[in-house]
Structure formats: structure tokens, C-alpha cells
Amino acid sequence: MSTLTIRNLEPAIKTRLRVSAAIHGRSMEEEARVILGQALQAQEEKIGMGSKILQRRRAIFAEDEAAELLLPERREMPRSVEFEP
């Protein structure tokens, strides 16, 4: 397990955390862990299916160092788009 120190916490937030911990019968430390876990879980649930698939692909290919794509050499400069009035 890791340790996290939170500096410059507003007194009002600390008070709300203490009250919330008391209501749930937990220490302030445990209450903070639960709140952080819930917030991160909710954030993960907001990620769309396409994003999850993309994250999985990146994780798979990040492990494989041999999976480099060779790009063809550019032979001519790209042309700009011309719009007719």
C-alpha cells in the first residue's frame, strides 16, 4: 500500500470529511479512501466503449516493442486545398 499526503486542504473540506466519516462510522483516512475510490470508479464508467477498446489496444501494443509501423517515405509535398468561390 502507498501513502498519500494531502497538503493545503481547505478547513471546510476537512470538516465535511470528518463529519462524513463519523456518519459512516469510519476514520477520516478510510472515508477519504472510499470517496477517492468511488470518484475514480464513476470516472471510469463515463469512458465510452470506443475509448476502452482504444486503451486496451494501446496497452497491448505498448508491451510489444517489435510492433513498430514503418511509414512510407513522402515523395512529394502535400498540396493545399483550393476552394472555388
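Criteria and thresholds
Residues numbered from 1 in each chain as written. Predicted model: local features only at pLDDT ≥ 70, side-chain atom pairs only at ≥ 80, totals over all residues. Heavy atoms only, no water. Salt bridge = Lys/Arg side-chain N within 4 Å of Asp/Glu carboxyl O. Helix = DSSP H or I, 4+ residues; strand = E, 2+ residues; numbered from the N terminus. Buried < 20%, exposed > 50% of the residue type's maximum accessible area, 1.4 Å probe, protein only. Patch = residues over 30% accessible without salt bridge, like charges linked within 9 Å, V, L, I, M, F, W, Y side chains within 5 Å. Areas by Shrake-Rupley, 256 points an atom, 1.4 Å probe, with all protein chains shown as cover.

Describing the pattern of salt bridges
Point 1. All chains considered together, the criterion is met by four salt bridges.
Point 2. Taking the shortest distance from any N to any O, the salt bridge between Glu30 and Arg33 comes out at 2.5 Å. In this pair, Glu30 and Arg33 both sit in helix H2 (residues 28-46), three residues apart, roughly one turn of the helix.
Point 3. The class of Glu30 is partly exposed, set by a relative accessible area of 28%.
Point 4. Looking at Arg33, the relative accessible area reads 45%, which means it is partly exposed.
Point 5. In this structure, the salt-bridge partner of Arg79 is Glu76, at a minimum N-O distance of 3.6 Å. Glu76 matches Arg79 in its accessibility class, with the two residues each being exposed.
Point 6. If you follow the salt bridges from partner to partner, you end up with Glu29, Glu30 and Arg33 in one network.

A word on a nonpolar patch on the surface
Point 1. Where nonpolar side chains cluster on the molecular surface, the patch consists of Leu4, Ile6, Leu9, Ile13 and Leu36 and spans about 480 Å² of accessible area.
Point 2. Mapped onto the secondary structure, Leu9 falls in the segment before helix H1 (11-24).
Point 3. Under the relative-accessibility criterion, Leu9 is labelled partly exposed at 38%.

Structural measurements only, silent on function.
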